[in-house]
Amino acid sequence: RTKRVGRLELIRIIYRNPLELWGEPSYNEPWVEVDWMGMRTIIANDPGLIRHVLVDNAKNYRMAAVRQRILRPILRDGLLTAEGEVWKRSRKAMAPVFTPRHIHGFASAMQERSEAFAGRYQTPGVVSDVARDMTLLTYDILAATLFSGEIAGEPGQFAKEIDNLFETMGRVDPLDLLGAPQWLPRFTQIRGRRSLAFFRKIVADTVAMRKDRMAKGEDVPSDFLTLLLKTEGPDGLSRAEIEDNIITFIGAGHETTARALGWTLYLLAEAPWERDIVEAEIDSFMREGPVPPHQWLDRLPLTRAAFEEAMRLYPPAPSLNREAVEDDRYGDLTIEKGSTVLAMPWTIHRHRLYWENPDAFIPARFHPENRGKIDRFQYLPFGAGPRVCIGATFALQEGVIALAILLSRYRFDTVSQTKPWPVQKLTTQPEGGLPMKVTPRR
Ligand code: HEM
């Protein structure tokens, strides 16, 4: 099927909300071919085709140019935007940072930060924007696990700059869609660029401060920063790459987890019968007495299932964009050199061919006895293949710990103003936020 969309219409939609581009065929056909401004784009939904592009023939695909144009100025040679040899060396150097031992080591910080955060809902029945709250919570957790709170600059400045950056950098600039040269200023991004300069300086100073302490033989916390600095060297990362990766972890790991948490709380409130199941699991777990937080992810399978089902309906990263380096073929589909292939969690996760009742929130799909029925390539919140999310286990552990603490203490209910509309910026965001009523449970 080939669909033609006019250039101006296309730019208007992409600028406002790319999720609105996907019409009926994207949710019914194994793939859809679109001619965008003369650029061939294939929306890949078939799990076999996705496997072909992301895994079996991954060597023939690189990150799509438009995504690189938006993200590379911010993330530079961080893992998400690195290509070729730099990517290969960095991924190898960073693998030891994300081993289960280290991820488990972060669990107590996740628990402490979530508990401290839960104290903020002092007024019973207060209506709070839970989307915004989750951004603050995942920021707290990231600051604790990245730097153990040892950040250069004025207190609060770092958080403020991150906020500015995300607000302005989230949108695709029309000039990027038109392929305009990089030297032309992007008006949507001027404020963001100013923040970026401040932000980079704080990161560089923070890294230097820690390195100094390590050089003096002082005791330093085993957070991401120390672990990354230990990879510094000719076969590992350069100092600039360490800084780029700190920024990448913030860019890739903060908003994404926040969105997943917010959408989970919203969907549970809209389906109280599902919320009862999750609350019952958490309550009985909490009554058992203290269990070390690194075991919570395995011990709370129904809570995890709700989180995973929320990421099915609202995948924080809604589209994985690739570009064919050489001509390629999958069955009777020809993928010409230079075409863009979109493996889109957004359409795959709601696809009529691969999911029963795809628009309904049914966490039981991810209960342990049912997980085996889900094809690896029909559920891609963290991507797949060599470029699969390196922080997936970190994010799952964080999501389950935060949900367990929040839901054991509070009930989150929707109110008449809760009318979120999913909009694709850097992540799948609820336009209008998630105003919800928060009431203590006991
Ligand atoms: C890559 C999603 C949390 C760091 C990815 C990709 C996806 C993804 C879909 C693959 C992109 C592609 O193939 O084009 C998510 C979601 C998260 C999450 C949904 C939370 C719910 C995190 C966290 C971190 C992180 C917490 C770091 C602490 C990265 C990095 C990459 C990546 C560095 C690039 C990997 C590479 O290219 O080798 N993420 N992520 N992510 N993610 Fe995550």
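Residues numbered from 1 in each chain as written. Predicted model: local features only at pLDDT ≥ 70, side-chain atom pairs only at ≥ 80, totals over all residues. Heavy atoms only, no water.

Caption draft 1: Structural context of the environment of A143. As for its placement among the helices and strands, A143 is situated in helix α7 (residues 130-147). Residues A143 and E154, spaced eleven residues apart in sequence, show a C-alpha to C-alpha distance of 15 Å. Apart from residues no more than four positions distant in its own chain, A143 is found in contact with S148, G149 and I151. (Helix = DSSP H or I, 4+ residues; strand = E, 2+ residues; numbered from the N terminus. Contact = heavy atoms within 4.5 Å.)

Caption draft 2: The arrangement of the site of the ligand in detail. As a structural note, the neighbourhood of the ligand is formed by 26 residues, with W87, R91, R322, R387 and C389 the closest of them. The separation between an oxygen atom of the ligand and a polar side-chain atom of R67 is 3.2 Å. For the ligand, an oxygen atom lies 2.9 Å from a polar atom in the side chain of R387. It is helix α12 (residues 239-253) that provides the largest number of residues to the shell around the ligand, a total of three residues. (Near = heavy atom within 4 Å. Polar contact = N/O pair within 3.5 Å; in protein donor to acceptor, adjacent residues only side chain to side chain.)

Caption draft 3: Broad picture of the nonpolar core. Of all hydrophobic cores here, the largest spans 109 residues; its most connected members are W22, M134, F158, I250, L406 and F412. Here the element with the most residues in this core is helix α18 (residues 392-409); it accounts for twelve residues. If we ignore the near neighbours within four places in the chain, the residues touching F158 are Y139, F147, I151, F199, I202, V203 and I250. Counting residues in each nonpolar core, the second largest holds 17 residues, with L54, Y61, L320 and A343 among its members. (Core = buried A, V, L, I, M, F, W, Y, C linked by side-chain atoms within 4.5 Å. Buried < 20%, exposed > 50% of the residue type's maximum accessible area, 1.4 Å probe, protein only.)

Caption draft 4: Region of the structure containing the side chain of T264. Here T264 lies in helix α13 (residues 255-270). Look at T264 and you get buried, because its relative accessible area is 0%. Among the polar contacts listed, one links the side chain of T264 to the backbone oxygen of A260, at a separation of 2.6 Å. Sequence-distant contacts of T264, defined by excluding residues within four places in its chain, comprise A306, F307, A310 and L403.

Caption draft 5: Representation of the packing of α13 against helix α14 (residues 272-287) within the structure. Direction vectors running N to C along α13 and α14 enclose 115°, while the axes themselves pass 5 Å from each other. Contacts between α13 and α14 involve L268, A269 and E270 from the first element and P272, W273, E274, R275 and V278 from the second. Considered class by class, the residues forming the contact of α13 with α14 number five nonpolar, no polar and three charged. (Axes fitted to C-alpha atoms, helices over the stretch in contact; angles between N-to-C directions. Nonpolar A, V, L, I, M, F, W, Y, C, P; charged D, E, K, R; others polar.)

Caption draft 6: The arrangement of the environment of F285 in detail. Among the structural elements, F285 can be located in helix α14. Its relative accessible area of 4% is what places F285 among the buried residues. When the C-alpha atoms of F285 and L19 are compared, they prove to be 38 Å apart, with 266 residues separating the residues in sequence. Sequence-distant contacts of F285, that is, excluding residues within four places in its chain, are made with V291, W296, R299 and L300.

Caption draft 7: Structural detail: the pattern of salt bridges. Applying the stated rule across the entire model yields 33 salt bridges. Between E218 and R213 there is a salt bridge, with the nearest N and O atoms lying 2.9 Å from each other. Using a relative accessible area of 22% as the deciding quantity, one classes R213 as partly exposed. With a shortest N-O distance of 3.6 Å, E279 and R441 are connected by a salt bridge. (Salt bridge = Lys/Arg side-chain N within 4 Å of Asp/Glu carboxyl O.)

Caption draft 8: Representation of the side chain of N370 within the structure. Here N370 is to be found in the loop between α17 (345-348) and α18. Since its relative accessible area comes to 18%, N370 is described here as buried. The contacts of N370, once residues within four sequence positions are left out, are A364 and R365.

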